[in-house]
Amino acid sequence: MVAADFIEQLLNGLTLGMVYVLLAAGLSVIFGVMDVINFSHGELFALGAYFALTIIAPFGAGTGFWVAIVVAPVVVGLIGAAIERTTVRPLYGRDPLYHILLTFGLVLVINDGIRLIWGTQQRQLAVPAYLSRPVSILGVQVSVYNYFMIVFAALLAVVTWYLLNRTKYGMIIRAGSQDREMVRNVGIDIDQYYTLVFGVGAALAAVAGIVLGGYQNVNTGMGNSVIIPAFVVVVLGGLGSFRGAVFGGLLVGVVQTLMRAYSGTVLATFGETTLSVPNLEGLTVYLLMIAVLLVKPQGLFGTRGDESEGEGELLVGGYGGILADSTRVRLGGIAVAALAVAPVAILLMGDQYYLVVLNEILIWAIFALSLDIVMGYAGLVPLGHTMFYGVGAYTAALVMLHYSQSVFVVLLGAILLCALLAWVVGSLSIRVSGVYFAMITLAFAELLYSAVFKFDFTGGSDGLLGFEAFLGLGSVGASLSNIEFGVLGYEVGQQFVFYYLALLIAVLSFLFARRMMNAPFGSVLQSIRESEERAEFIGYDVNRYKRRAFVVSGGMAGLAGGLLAVSPSTVIISPDQTLNWIHSGEVIVIALFGGMGTLYGPMIGSGVFFGAEEFLSSYTDQWRLIIGTMFVLFVLFVPRGIVSIPSLVAQRLETANNADGAVDMDEREVRSDD
């Protein structure tokens, strides 16, 4: 009986693993050939399931399922090909990390598009009745659909392998992945093959979505739920390795299923001592991912190094612009003065909701500023930066619940713990670079996100609540929630007071970061960003400088998280609110919106992002679709962010007025941060 249960769980693991194989195969092939890390792959997976729903509806499950499993992937494949032609192709030659940024914007667009067309209700994808029947073999009873998923996915994987390794088209694609210029020089239009590869990868994702939709259900969050495990699979197997994707997919599927079934199971008892399986459900695969990245960054079956490094550059500001430094300082002073009087205007309007929005903008401005230190100045792109934001928020809430309610003690605790965490994570993560650095920070963030569900002291999935901040030290001060007084007949409350606290901390954080980046430390970071080898050659300990930048950045992100917990608007600190990977993507969007490498650009980006969110959400539920579209356009046409727009416009006008202006301008020539 025990053996039968184990075999049943093993079959369930293989079933899930084959879905990961299809999903990861597309991801891996796209990266292996095109060096594109496609974050929108999960949404293409969901899109396949939703198209299948539409196709099955008129035909019924018996015929419709088979029509859907052929037609829906073709449709999604064509959409994938269109995405490659219109958005991904213009980015070839830039740092591959821009592909991550671009496809994150596509995540917002496709996900909101799905909500707009199919709604937000969870649905069941109907499968033929004969596939739903249970079947018992040697005492192991599972549905026929499990066997169908395993066999069908295995056949597709074999066909894909055959096409890549035994056909002329596969040979050209593999040659292009090794040296695309050589393939172009022999007269082959490799770009068309790239489109084909992206389309096939999208179609494989759609197939995975359909078969999993029939096994579980179809919902708008299904893409988000599989994309991180898919990246785990690809990293474990090796970026670009098809064989690694197959092995990694099966490994992750089986490990996840067995840990879910047997975590905490008592294996044996010796007197008063019991031997049990550790409760590591949800943690194991991320621990594996971190271990593999540290020991063999190219994965178990990967052979490629980090060729992405040095192929392109992060397009940052910080190179001057059409405005003089003194003008920009004056504009900054005017902006701070305007922010200082804004609450008064809101008080006169009588709608304090806008204060809540401004408080959120200031918190995220500090968060984005912290990211700019490592991304804009050191050239490191962490995909798990929200771990510091989340840990800072949890630390602040725990300090208020168990030690002190003083805002100053709370924020100090959040900064110190996050700086310590950043030192540990940074020391390990900076051993790898490029996309591997992005992936390992994502793994650490997901590890923490999963861990908070395990502990009672973090409140599990319910989070922490019941904390309250005290504005003062010792007995001198007042509880933030009790602050309320009248001025000239107007009621001044806790949001008003917190706003000035957040504004003061934001200004001090900016001045601190600016002082640091203008010091020799900042110059060394920028030289590392421009050329790590050159900085190392002239004698700088590159890893030490990166680690220090990471510690400062982590501490500042912890400060932002602490402010979130202290904010009067916050009544609960939960995992999804603070540690979900989507927040790492959002803060990168904000930094790019404003302009990386300028410090004030990401802070402006925070205002634009949340201002646009508030404005658009009052008119439409699909505001993320619009924000995502804007972000994609920024990545394509204004990669240096809002701060570069004045200089960009000036240069466009100059080019238009120049008789020789027929030559197209390269965005690399735009080095402004006005």
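This one's a predicted model, so the numbers in the text were calculated from it and none came from an experiment.

Asker: Could you clarify how one ought to interpret the overall build of the protein in this entry?
Answerer: What the protein contains, in helices and strands, is 26 helices and ten strands. Here the C-alpha radius of gyration of the protein, 26 Å, is about what a compact globule of 674 residues would show, namely 26 Å. Its C-alpha atoms give the protein principal-axis dimensions of about 80 × 80 × 55 Å. Here the protein, with 674 residues, has 55% of them falling under the buried criterion. Within the protein, contacts between residues separated by at least 24 positions form 78% of all contacts whose residues are at least 6 apart in sequence. Here the protein has roughly 28200 Å² of accessible surface; of this, 63% comes from carbon and sulfur atoms. Mean positive and mean negative side-chain charge positions of the protein (32 and 46 charges, respectively) differ by 7 Å.

Asker: Please explain the side chain of Ser-567 as it appears in this structure.
Answerer: Inspection of the secondary structure puts Ser-567 in the loop between α21 (542–566) and β10 (572–573). Beyond its immediate chain neighbours, meaning those up to four positions away, Ser-567 contacts Ile-363 and Phe-498.

Asker: How should I be thinking about the environment of Gly-237 in this particular structure?
Answerer: Looking at the element boundaries, Gly-237 is found in helix α10 (residues 222–237). When its relative accessible area of 0% is taken as the criterion, Gly-237 is described as buried. Residues Gly-237 and Ser-28, spaced 209 residues apart in sequence, show a C-alpha to C-alpha distance of 9.2 Å.

Asker: I keep staring at helix α7 (residues 168–178) and nothing clicks. Help me out?
Answerer: Residues spaced three or four apart along an α-helix face the same direction, because each turn holds 3.6 residues. Residues of α7 that are buried include every one of Gly-170, Ile-172, Ile-173 and Gly-176, and no others. One side of α7 carries all its buried residues, which in axial view fall inside an arc of 160 degrees. Away from the buried face of α7 by more than 90 degrees, exposed residues Lys-168, Met-171 and Gln-178 are located.

Asker: Sorry if this is basic, but what is going on with the packing of aromatic side chains here?
Answerer: Going through the model one piece at a time under the given rule, you end up with 31 aromatic pairs. Between the aromatic rings of Phe-521 and Tyr-545, the centroid separation amounts to 5.8 Å while the plane-to-plane angle is 25 degrees, which identifies the pairing as stacked. With Phe-521 in helix α19 (residues 520–530) and Tyr-545 in helix α21, this residue pair connects regions lying 24 residues apart in the sequence. For the residue pair Phe-521 and Tyr-545, the accessibility class agrees, reading buried in each case. One aromatic cluster is present, built from ring pairs that chain together Phe-65, Trp-66, Tyr-145, Phe-148 and Phe-152. Taking NZ or CZ as reference, Arg-548 lies 5.7 Å from the ring centre of Tyr-545, over its face.

Asker: Quick question: what am I supposed to make of the pattern of salt bridges here?
Answerer: Any two side chains of opposite charge can pair, so long as their charged atoms come close to each other. Following the criterion strictly, the structure yields six salt bridges and no others. For Arg-89, the salt bridge identified is with Glu-84, shortest N-O distance 3.4 Å. By relative accessible area, which is 21% here, Arg-89 ends up partly exposed. Residue classification places Glu-84 among the buried residues on the basis of a relative accessible area of 0%. Residues Arg-529 and Glu-530 are paired through a salt bridge, measuring 3.0 Å at the closest nitrogen-oxygen approach. You can call Arg-529 buried: its relative accessible area is 16%.

Asker: It is not clear to me how the side chain of Asp-372 should be interpreted in this structure. Could you clarify?
Answerer: Locating Asp-372 in the fold gives a position in helix α14 (residues 353–377). This buried residue, Asp-372, is left without a salt bridge; Arg-529 holds the nearest opposite charge, at 7.3 Å. With residues near it in sequence (within four places) discarded, Asp-372 still touches Tyr-377, Met-596, Gly-597, Thr-598, Leu-599 and Pro-602.

Asker: Please explain the packing of α14 against helix α23 (residues 581–594) as it appears in this structure.
Answerer: Describing two packed helices takes the angle between their axes plus the distance from one axis to the other. Relative to each other, α14 and α23 sit at 80 degrees, their axes nearing to 9 Å. Taken as axis vectors, α14 and α23 run roughly perpendicular relative to one another. Residue-level inspection shows Trp-364, Phe-367, Ala-368, Leu-371 and Met-375 of α14 in contact with α23, the latter providing His-583, Glu-586, Val-587, Ile-588, Ile-590 and Ala-591. Its residues placed into classes, the contact of α14 with α23 shows nine nonpolar, one polar and one charged.

Asker: Would you mind going over the packing of α23 against helix α24 (residues 600–617) with me for this structure?
Answerer: Close contact between α23 and α24 brings their axes to 7 Å; oriented N to C, the two are set at 110 degrees. Taken as axis vectors, α23 and α24 run roughly perpendicular relative to one another. The way α23 lies across α24 gives a crossing that is right-handed. On α24, the residues touching Glu-586, Val-589, Ile-590, Ala-591, Phe-593 and Gly-594 of α23 are Gly-601, Pro-602, Gly-605, Ser-606, Phe-609 and Phe-610. Taken together, the residues of the contact of α23 with α24 sort by class into seven nonpolar, four polar and one charged.

Asker: Hey, could you run me through the confidence of the model for the protein in this one?
Answerer: Atom-level detail of predicted coordinates should not be read off regions where pLDDT is low. When pLDDT is averaged along the protein, the result is 85, and 94% of the positions lie at 70 or above. Confidence, read as mean pLDDT per element, is least for strand β8 (residues 485–487) in the protein (72) and greatest for helix α15 (residues 386–402) (95).

Asker: I'm lost on the environment of Ala-393 in this one. Help?
Answerer: Secondary-structure assignment places Ala-393 in helix α15. The buried category is assigned to Ala-393, whose relative accessible area is 0%. In this structure the C-alpha to C-alpha distance between Ala-393 and Ala-557, which are 164 residues apart in sequence, comes to 9.6 Å. If near-sequence neighbours (up to four positions away) are discounted, Ala-393 is found in contact with Gly-561, Gly-562, Leu-564, Ala-565, Ile-573 and Thr-578.

Asker: Got a minute to help me understand the domain arrangement of the protein in this structure?
Answerer: When the parts come together, some accessible area is lost, and that loss is often what is quoted as the size of the interface. Its domain assignment divides the protein into domain 1 (18–295) and domain 2 (325–619). Of note, the centres of domain 1 and domain 2, computed from C-alpha atoms alone, are 34 Å apart. In this assembly, 25 residues from domain 1 lie in contact with 26 residues from domain 2. Of the roughly 2400 Å² buried between domain 1 and domain 2 on both sides combined, carbon and sulfur atoms contribute 85%. Linking domain 1 with domain 2 are one residue pair in polar contact (both at pLDDT 80 or more), by the criterion used here. A per-element tally of the side of domain 1 that touches domain 2 places helix α12 (residues 284–295) first, with six residues. Here the residues of the side of domain 1 that touches domain 2 sort into 21 nonpolar, three polar and one charged.

Asker: Teacher, can you tell me more about helix α13 (residues 325–349) here?
Answerer: In this model, α13 (25 residues) spans 36 Å end to end at C-alpha, consistent with the 36 Å of a helix rising 1.5 Å per residue. Where α13 bends most, the angle comes to about 30 degrees, and this point is Val-341, followed within four residues by the proline Pro-343. Among the residues of α13, Arg-328, Ala-342, Pro-343, Ile-346 and Leu-347 are the ones counted as buried. The secondary structure elements touched by the buried residues of α13 are α14, β9 (490–492), α18 (494–518) and α24.

Asker: Would you take a moment to explain the pairing of strand β7 (residues 476–479) for this structure?
Answerer: Looking along a regular strand, one sees side chains alternate from face to face of the sheet. Where strand β6 (residues 470–473) meets β7, four bridges bridge the pair, whose relative direction is antiparallel. Residue pairing for β7: Leu-471 is matched across the bridge by Ala-478.

Conventions used here
- Residues numbered from 1 in each chain as written.
- Predicted model: local features only at pLDDT ≥ 70, side-chain atom pairs only at ≥ 80, totals over all residues.
- Heavy atoms only, no water.
- Helix = DSSP H or I, 4+ residues; strand = E, 2+ residues; numbered from the N terminus.
- Rg over C-alpha atoms; globule rule 2.2 N^0.38 Å.
- Buried < 20%, exposed > 50% of the residue type's maximum accessible area, 1.4 Å probe, protein only.
- Contact = heavy atoms within 4.5 Å.
- Areas by Shrake-Rupley, 256 points an atom, 1.4 Å probe, with all protein chains shown as cover.
- Lys, Arg positive; Asp, Glu negative; His and termini not counted.
- Charge placed at Lys NZ, Arg CZ, Asp CG, Glu CD.
- Arc of directions from axis to C-beta.
- Phe/Tyr/Trp six-rings, centres within 6.5 Å; stacked < 30°, edge-to-face > 60°.
- Lys NZ or Arg CZ within 6 Å of the ring centre and 35° of its normal.
- Salt bridge = Lys/Arg side-chain N within 4 Å of Asp/Glu carboxyl O.
- Axes fitted to C-alpha atoms, helices over the stretch in contact; angles between N-to-C directions.
- Parallel < 35°, antiparallel > 145°, perpendicular 65-115°, else oblique.
- Nonpolar A, V, L, I, M, F, W, Y, C, P; charged D, E, K, R; others polar.
- Left-handed = near helix turned anticlockwise from the far one by under 90°.
- pLDDT = per-residue confidence, 0-100.
- Domains from an automatic or database assignment.
- Buried area = accessible area lost by both parts, 1.4 Å probe.
- Polar contact = N/O pair within 3.5 Å; in protein donor to acceptor, adjacent residues only side chain to side chain.
- Expected span 1.5 Å × (residues − 1).
- Bend = angle between axes of the 7 residues up to and from the residue.
- Pairing = 2+ DSSP bridges.

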